[in-house]
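Working through the structure, step by step
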Amino acid sequence: MRIAVGSDHAGFSLKKEVLKHLEERDIQFEDFGAFSEESCDYPDFALKVAEEVAGKRFELGILVCGTGIGISIAANKVPGIRAALCGDTFSAHACREHNDANILALGARVVGTGVALDIVDSFLNTRFEGNRHQKRIDKISEIEKKYNK
Ligand code: RB5
């Protein structure tokens with residue numbers, strides 16, 4: 001499993017903790033920035049990670065900004081991306097099981113490091129259930145097609 005990771009300046013510090021955690025778990029990743037706490041724009045990093053995941057060069061992505069809101073909204077503009085903002089472990093496994101979420105978004109100003117790393121584990125350890133959920137994912141793809149002409 002290869003994970004594409006990105007953040008803005010507000011998510012930089014939590015992203016470093018996430019990267020350390022992935023390293024400790026022997027999970028391969030690539031960091032697409034930001035590379036410092038200098039002010040920057042979250043859509044730039046959402047786009048990089050979302051394109052890598054949508055292009056299937058990485059299986060899953062993790063994005064971090066201050067709230068997780070802006071970076072998830074931006075990532076969800078890329079066709080094929082289902083970015084889920086999670087603040088708890090139940091949502092983190094449910095978004096994989098039911099929604100086949102392919103990017104996890106975290107809010108560094110919302111969740112502490114311990115909770116965030118548990119959320120990462122729940123997200124990465126859970127598979128999409130398919131079955132009845134697949135037709136709902138297909139309907140999301142239909143919405144994308146309708147507006148991406
Ligand atoms: C940056 O100040 C902040 O607006 C950003 O990290 C994020 O929270 C936006 O949704």
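Remember, it's a predicted structure, so these values are computed and weren't measured experimentally. (Residues numbered from 1 in each chain as written. Predicted model: local features only at pLDDT ≥ 70, side-chain atom pairs only at ≥ 80, totals over all residues. Heavy atoms only, no water.)

Turning our attention to the packing of aromatic side chains. Each aromatic ring pair is described using two quantities: the centre-to-centre distance and the angle formed by the ring planes. Tallied over the full model, the rule gives one aromatic pair. Between Phe32 and Phe58, the aromatic rings sit 5.5 Å apart at their centres with planes inclined by 85°, giving edge-to-face as the arrangement. Remark: Phe58 occurs in the loop between α2 (42–54) and β3 (60–65) and Phe32 occurs in the loop between β2 (28–31) and α2; sequence separation between them is 26 residues. For Phe58, a relative accessible area of 3% translates into the label buried. In this structure, Arg2 packs its charged tip against the face of Phe58, placed 4.2 Å from the ring centre. Just above the ring of Phe123 sits the side chain of Arg96; from NZ or CZ to the centre is 5.8 Å. (Phe/Tyr/Trp six-rings, centres within 6.5 Å; stacked < 30°, edge-to-face > 60°. Helix = DSSP H or I, 4+ residues; strand = E, 2+ residues; numbered from the N terminus. Buried < 20%, exposed > 50% of the residue type's maximum accessible area, 1.4 Å probe, protein only. Lys NZ or Arg CZ within 6 Å of the ring centre and 35° of its normal.)

Per the counting criterion, the structure on display carries seven salt bridges. As a salt-bridge pair, Arg25 and Asp121 come within 2.5 Å of each other at their nearest N and O atoms. Here Asp121 lies in helix α5 (residues 113–124) and Arg25 lies in the loop between α1 (12–24) and β2, a separation of 96 residues in the sequence. In the salt-bridge network here, residues are joined through shared partners; they are Arg82, Arg96 and Asp100. (Salt bridge = Lys/Arg side-chain N within 4 Å of Asp/Glu carboxyl O.)

A separate point is a nonpolar patch on the surface. A surface patch of nonpolar side chains, about 260 Å² in accessible area, is lined by Ile69, Ile73 and Leu85. Relative to the assigned elements, Ile73 resides in helix α3 (residues 69–75). By relative accessible area, Ile73 is classed as partly exposed at 49%. (Patch = residues over 30% accessible without salt bridge, like charges linked within 9 Å, V, L, I, M, F, W, Y side chains within 5 Å. Areas by Shrake-Rupley, 256 points an atom, 1.4 Å probe, with all protein chains shown as cover.)

Of the strand pairs in this sheet, strand β1 (residues 2–7) and β2 are connected by four bridges, and their pairing is parallel. Considered in β2, the bridge of Val5 is made with Asp31. One crossover worth recording links β1 to the parallel β2 by way of α1, and it is right-handed. (Pairing = 2+ DSSP bridges. Right-handed = clockwise from strand over helix to strand, strands pointing away.)

So, about unusual backbone geometry. With an omega of 0°, the peptide bond between Gly33 and Ala34 qualifies as cis. The residue Ala34 is located in the loop between β2 and α2 in this model. Phi is positive for Lys56, which is not a glycine, with a value near 65°. By the element assignment, Lys56 lies in the loop between α2 and β3. Phi is positive for Asp100, close to 50°, though the residue is something other than glycine. Here Asp100 is to be found in the loop between α4 (89–97) and β5 (103–107).

One full turn of an α-helix is made of 3.6 residues, so residues set three or four places apart face in the same direction. Between its terminal C-alpha atoms α2 stretches 18 Å, which fits the 18 Å expected from 13 residues at 1.5 Å a residue. Inspection of α2 places Phe45, Ala46, Val49, Ala50, Glu52 and Val53 among the buried residues, and these make up the whole buried set. One side of α2 carries all its buried residues, which in axial view fall inside an arc of 160°. Looking at the buried side of α2, the elements it contacts are β1, β3, α3 and β5. Two residues or fewer after α2 comes Lys56, characterised by a positive phi angle close to 65°. (Expected span 1.5 Å × (residues − 1). Arc of directions from axis to C-beta. Contact = heavy atoms within 4.5 Å.)

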